[in-house]
Amino acid sequence: MQIIFFTKKNILIISFFILILLLIFFLYFIPNFRLNPNVKSANAEPVSDEFIEKIKELTSGSQKIAYLTFDDGPTTSVTPKILDILKEENIKASFFVIGKYVDSHPEIVKRAYEEGHYIANHGYSHNNSILYKSSESFISEVKKTDLAIGKAIGIEDYCSHIFRFPNGFMAPLYKSQKEKAVLLLLEMNYTYIDWNCLNKDSERKYTNTQLLNNLKQSCENKNTLVVLMHDTKDVNNSSLVLKESIDYLRREGYEFRNFYEFVS
Ligand SMILES: [Zn+2]
């Protein structure tokens, strides 16, 4: 038996099967690994100049990439629906969460994180009079939010590295306070990001068709998009047009990514 087993032909066959097994192993594990990229690297790594520059230059990129971002959650009514659609579409997005809602619904943030979405910081109270009351208050709003995220996802000292100002940095209100806050963010290892495309879901009540048209108009003649939507239903419910919005952007040739690629 042994002699037969170790013939040249059999060794070749065995080697071939080992090769096939290795191939299956890599084909199965590598894509899975990439679907959940760098989830731990948002944790307390210092923000490099390169990272800040990449985020700053993001919307001037020439590639057709869409970074979907959802603000003001988590909410039990909308966030899970958005997560379901993103899962079906195999898209990783970024969520700018409000700290006090993370404390109320940590399980939703945990789900979003485990499904490969970037969890970024939108302040604890979403209340400008608290946020800009003093430097200490601003710092506390940011840190309390990351603390809540860290608790929800089980990572101590979680640092989300990316902050979004309520109403955006570009809004004229609280301009001088925001300029000072940018320096505080830098000291804390953060940068900030606005958006260059939106469906206006928080501005006033629109029909679903109007929401979709707002998005189409807003992304016209733009390459890299940072798309602002909300995972709330305070004014409109973007989860009802998310699938159509994704279909439209795909038809227009956009590829979807999230901010993890910058913290690897
Ligand atoms: Zn907001």
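Predicted model, so just to flag it, every value in this text is computed and none were measured. Residue numbers run consecutively from 1 along every chain, following the written order of its sequence. Selection of residues for local features in this predicted model requires a pLDDT of at least 70, selection of side-chain atom pairs for listing and counting requires 80 or more, and totals for whole chains, interfaces and linings are taken over all residues. Excluded from the side-chain calculation are hydrogens and water; included are all heavy atoms of the structure.

Draft legend 1. Main features of the coordination of the zinc ion. As a rule, N, O and S atoms within 2.8 Å of a metal are its donors, except that Na, K and Ca use 3.2 Å; water is not among the atoms, so sites may look incomplete. At this site the zinc ion is bound by D72 (OD), H122 (NE2) and H126 (NE2), with donor distances of 2.1 Å. Linear spacing of the donor residues for the zinc ion on their chain is D-x49-H-x3-H. Within this pair, whereas D72 is found in the loop between β1 (65-71) and α4 (79-89), its partner H126 is found in the loop between β3 (118-121) and α7 (128-131), the two being separated by 54 residues in sequence. Overall, the relative accessible area of 29% leaves H126 in the partly exposed class. Helix and strand labels come from DSSP, where a helix needs a run of H or I of at least four residues and a strand needs a run of E of at least two; each type is numbered from the N terminus. Residue exposure (1.4 Å probe, protein chains only): buried if accessible area is under 20% of the type maximum, exposed if over 50%, otherwise partly exposed.

Draft legend 2. Inspection of the layout of surface pockets at higher detail. By volume, the largest pocket amounts to about 270 Å³. Put plainly, a pocket is an open set of points on a 1 Å grid over the protein atoms alone with protein on both sides within 12 Å along at least five of seven lines, a cavity is a set where a 1.4 Å probe fits but cannot get out, and a lining residue has an atom within 4 Å of a point. Along the wall of the largest pocket there are 20 residues; nearest its centre are D72, N167, S202, L228 and H230. By residue class, the composition of the lining of the largest pocket is 6 nonpolar, 8 polar and 6 charged. Grid points are joined across faces, edges and corners, and a volume is the space filled by probe spheres set on the points. Polarity classes work like this: nonpolar for Ala, Val, Leu, Ile, Met, Phe, Trp, Tyr, Cys and Pro, charged for Asp, Glu, Lys and Arg, and polar for all others, with Gly in that last group.

Draft legend 3. Broad picture of a nonpolar patch on the surface. Any residue with relative accessible area above 30% and no salt bridge may belong to a patch, with like charges joined within 9 Å and the nonpolar Val, Leu, Ile, Met, Phe, Trp and Tyr side chains within 5 Å. Methods summary: accessible areas were calculated by the Shrake-Rupley approach with a probe of 1.4 Å, and residue burial reflects only the protein chains presented. Any carboxyl oxygen of Asp or Glu that lies within 4 Å of a side-chain nitrogen of Lys or Arg is treated as forming a salt bridge with it. Together, I13, F16 and F17 make up a nonpolar patch on the protein surface, roughly 310 Å² of accessible area in all. In this structure, F17 sits in helix α2 (residues 8-35).

Draft legend 4. Structural detail: the side chain of D231. Structurally, D231 is set in the loop between β7 (225-230) and α11 (239-251). In this tally Asp and Glu are treated as negative and Lys and Arg as positive; neither His nor the chain ends contributes. With no salt bridge to any partner, buried D231 finds its closest opposite charge in R164, at an N-O distance of 9.0 Å. N or O atoms within 3.5 Å of each other form a polar contact, as long as, within protein, one can give a hydrogen and the other can take it, and as long as residues adjacent in sequence are counted only when both atoms are side-chain atoms. In terms of polar contacts, D231 uses its side chain to reach the side chain of T79, at 2.9 Å. For D231, the residues in contact, after removing those within four places along its chain, are F70, D71, D72, G73, P74, T75, V78, T79, I82 and F95. Whether two residues are in contact is decided by their heavy atoms: any pair within 4.5 Å suffices.

Draft legend 5. Up close: the pattern of salt bridges. All chains considered together, the criterion is met by 11 salt bridges. In this structure, R111 and D84 form a salt bridge, with 2.7 Å as the shortest nitrogen-oxygen distance. With R111 in helix α6 (residues 106-114) and D84 in helix α4, this residue pair connects regions lying 27 residues apart in the sequence. Where K110 meets E114, a salt bridge forms, and the shortest distance between an N and an O atom there is 3.0 Å. In this pair, K110 and E114 both sit in helix α6, 4 residues apart, roughly one turn of the helix. Taking relative accessible area as the criterion, E114 reaches 45% and is therefore assigned partly exposed. Residues joined in a network through salt bridges with shared partners are D84, K87, R111 and E115.

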